[in-house]
Amino acid sequence: MVRVSGANLKDLSAAVTGKELIPRFATYTPFLDEAGETLDQGIALYFTAPNSFTGEEVLELQGHGGPAVLQSVLNRCIELGARLAQPGEFSQRAFLNGKLDLAQAESIADLIAATTQQAAKSAVRSLNGEFSHAIVSVRDKIIHLRAFVEATLDFPEEEGVVSVDSNRLQADLSALKGELEHIQSLAMQGNILREGAQVVLIGAPNAGKSSLLNQLSGDEVALVSDIPGTTRDTIRQALQIDGIPFHLIDTAGIRETDDVLEQMGIVRARQSMDKADLIILLIDETDTTTPNKQIEAEISDANTPAIFVHNKIDLAGLQAGINSRDAVTHIYLSAKTGEGIELLRQTILKAVGWHREEGVFMARSRHMEAITQALETLTGAGSLSEQLELFAESLRLAQSALNQITGEFVADDLLGEIFGRFCIGK
Ligand SMILES: Nc1nc2c(ncn2[C@@H]2O[C@H](COP(=O)(O)OP(=O)(O)OP(=O)(O)O)[C@@H](O)[C@H]2O)c(=O)[nH]1
Ligand SMILES: [Mg+2]
């Protein structure tokens, strides 16, 4: 499909189709070149402003496709005064013309990029405006409270303006915070769906990291052998657990070695630990001679959630199971037979912060930051209920943090950054 958006498209569409199109009616028509020869034929749709996706006049030409035909129809439109769209320009115009707010426009890109059905569903929810409505509803309550506080500041002596009761301010404030925290939790879930958490497998050589990667992904992704030091390069595999996307990273076994290639692999293993959302340490239950103390210390330095997996229970004669010691979850399983794997899968979901919540919104880090900022400001306001000017100012700051999400007041360079990442034609 070739889609043209702008002002005064009547002439252009008459020149391409050779007829006057009725708005919102599908017209079967040839698409013509300058000499009136048919380039392709198909359906033409014409929308008048503002009743279109972009809010401008829009012409859509649905042809048979194929790169050459498509290019010639596109060239014809350019001859007639159109130019190629920039990435995301249709959505950007829709935003600028008030057809969508910023969070909705962003969810279009998220919908297209969704890798799982769960992610797509929550992107649609944001596109429908559910996320924006939730944010706007809290923001309006902040504005309401602020108006009340400012009225008492401006007209302290006025009849009918109730004096401010600091208990009531506290109660209103904590209700607002509660509402925002709920949105934050739903958005955090959406962020997990969008980004997919990075889970890295770490451990001594032969602990069974590659076997576990294969078991979790249900495929022979990585080489497995009883030769210690099999894996050198880090191996990334995308997978889903209950519809949640993950990036699982298999690494070289960590040990002292003179092998230069293996050393390079170990450096990479440590680097991927730094970037991980979750570290899984594999421990070979049949090999009590290999100490894991150093790796354990590195993990606790990394300050990243970790799960300790005790592998090869089939050989060690142990039962599959889970327990918690020193604030660390320990799971007993066999990467080879798959026994205990479901325990691990559910524990991974929990460890990255996923809890089956209804109504998850697709949210971006940008949104999460704004919500956190608003919450911090509201929390700060709690101690200011005796100093009304400062209290009102905190409310104003929280309000403007939330405004950034829907894009009431945003800088042009932020818009450029957001829409520049869309694909062309969207
Ligand atoms: N019986 C049994 N064997 C296992 C299990 N997990 C792994 N193994 C075996 O242990 C050996 C090492 O497994 P890998 O998955 O290659 O171990 P790794 O941690 O990736 O090793 P490196 O890549 O060398 O660091 C292989 O022979 C596997 O078949 C298990 O749960 N039970
Ligand atoms: Mg390996």
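Definitions and limits used
- Residues numbered from 1 in each chain as written.
- Chains lettered and ligands numbered in written order.
- Predicted model: local features only at pLDDT ≥ 70, side-chain atom pairs only at ≥ 80, totals over all residues.
- Heavy atoms only, no water.
- Helix = DSSP H or I, 4+ residues; strand = E, 2+ residues; numbered from the N terminus.
- Rg over C-alpha atoms; globule rule 2.2 N^0.38 Å.
- Buried < 20%, exposed > 50% of the residue type's maximum accessible area, 1.4 Å probe, protein only.
- Contact = heavy atoms within 4.5 Å.
- Lys, Arg positive; Asp, Glu negative; His and termini not counted.
- Charge placed at Lys NZ, Arg CZ, Asp CG, Glu CD.
- Donors = N, O, S within 2.8 Å, 3.2 Å for Na, K, Ca; no water.
- Pairing = 2+ DSSP bridges.
- Axes fitted to C-alpha atoms, helices over the stretch in contact; angles between N-to-C directions.
- Domains from an automatic or database assignment.
- Phe/Tyr/Trp six-rings, centres within 6.5 Å; stacked < 30°, edge-to-face > 60°.
- 1 Å grid on protein atoms, 1.4 Å probe; cavity = no way out; pocket = protein on both sides within 12 Å on 5 of 7 lines; lining within 4 Å.
- Points joined across faces, edges and corners; volume = space filled by probe spheres on them.
- Near = heavy atom within 4 Å.
- Polar contact = N/O pair within 3.5 Å; in protein donor to acceptor, adjacent residues only side chain to side chain.

### Digging into the overall build of the protein
Phase 1: When helices and strands are tallied, the protein shows 15 helices and 11 strands.
Phase 2: For the protein, whose C-alpha radius of gyration is 29 Å, the value lies well above the compact-globule estimate of 22 Å for 426 residues.
Phase 3: Judged by the C-alpha coordinates and their principal axes, the protein covers about 80 × 80 × 35 Å.
Phase 4: With 426 residues in all, the protein has 46% of them scored as buried.
Phase 5: In the protein, once contacts between residues fewer than 6 apart in sequence are set aside, the share between residues at least 24 apart is 65%.
Phase 6: Placing the 35 positive and 59 negative side-chain charges of the protein at their respective mean positions leaves the two points 4 Å apart.

### Details of the coordination of the magnesium ion (ligand 2)
Six octahedrally arranged donors around a metal ideally form angles of 90 or 180 degrees; four tetrahedrally arranged donors ideally form angles of 109.5 degrees.
Phase 1: For the magnesium ion (ligand 2), the full set of protein donor atoms is Ser210 (OG) and Thr231 (OG1), at a range of 2.0 Å. With Ser210 in helix H8 (residues 209–217) and Thr231 in the loop between H8 and strand E6 (235–241), the pair connects residues that are 21 residues apart, well separated along the chain.
Phase 2: On the basis of relative accessible area, Ser210 is assigned to the buried category, the value being 8%.

### Some thoughts on the sheet that holds strand E4 (residues 57–62)
Phase 1: Spatially, E1-E4-E3-E2 is the arrangement adopted by the 4 strands of the open sheet, whose pairing is antiparallel. Strand pairing shows two members of the sheet lacking a second neighbour, strand E1 (2–6) and strand E2 (27–32), which therefore form its edges. Neighbour to neighbour, the strand axes of the sheet diverge by 30 degrees on average, direction disregarded.
Phase 2: Inspection of the sheet shows strand E3 (residues 38–47) paired to E4 by 5 bridges, in the antiparallel sense.

### Comments concerning the domain arrangement of the protein
Phase 1: For the protein, the assigned domains read domain 1 (2–84), domain 2 (104–183 + 365–420) and domain 3 (194–351).
Phase 2: Using C-alpha coordinates to define each centre, domain 1 is positioned 55 Å away from domain 3.

### Some details on the packing of aromatic side chains
Phase 1: Across all of its chains, the model carries 3 aromatic pairs by this definition.
Phase 2: On the numbers, 6.2 Å between centres and 35 degrees between planes, the contact of Phe95 with Phe419 is tilted. With Phe95 in helix H3 (residues 89–96) and Phe419 in helix H15 (residues 412–420), this residue pair connects regions lying 324 residues apart in the sequence.
Phase 3: Residue Phe419 is classed as buried on the basis of its relative accessible area of 1%.

### Thoughts on empty space enclosed by the protein
Unfilled space is identified by rolling a water-sized probe across the atoms.
Phase 1: Here the structure, examined in full by the defined rule, presents 2 cavities of 30 Å³ or more.
Phase 2: Put simply, the largest cavity is a space of about 60 Å³.
Phase 3: What lines the largest cavity is Met1, Val2, Phe31, Asp40, Leu61, Gly63, His64, Gly65, Val69, Leu70 and Val73.
Phase 4: The element best represented in the lining of the largest cavity is helix H2 (residues 67–79), accounting for 3 residues.

### Considerations on the side chain of Glu262
Phase 1: Among the secondary structure elements, Glu262 is positioned in helix H9 (residues 260–275).
Phase 2: When neighbours within four sequence positions are excluded, Glu262 is seen to be in contact with Gly229, Arg232, Gly253, Arg255 and Thr257.

### Details of the site of ligand 1
Phase 1: Taken together, 24 residues sit near ligand 1, with Lys209, Ser211, Gly229, Thr230 and Thr231 positioned nearest.
Phase 2: At 3.0 Å, a backbone N or O of Ala335 approaches an oxygen atom of ligand 1.
Phase 3: For ligand 1, an oxygen atom lies 3.2 Å from a polar atom in the backbone of Lys336.
Phase 4: Within the residue set of the shell around ligand 1, elements represented by two or more residues are H8 and helix H11 (313–316).

### Description of the pairing of E2
Phase 1: Strand direction decides the pairing type here: E2 and E3, joined by 6 bridges, are antiparallel. Across the sheet, residue Tyr28 finds its bridge partner in E3, namely Ile43.
Phase 2: Between E2 and E3, which pair antiparallel in sequence order, lie 5 residues; one of them, Gly36, sits at a positive phi of approximately 85 degrees.

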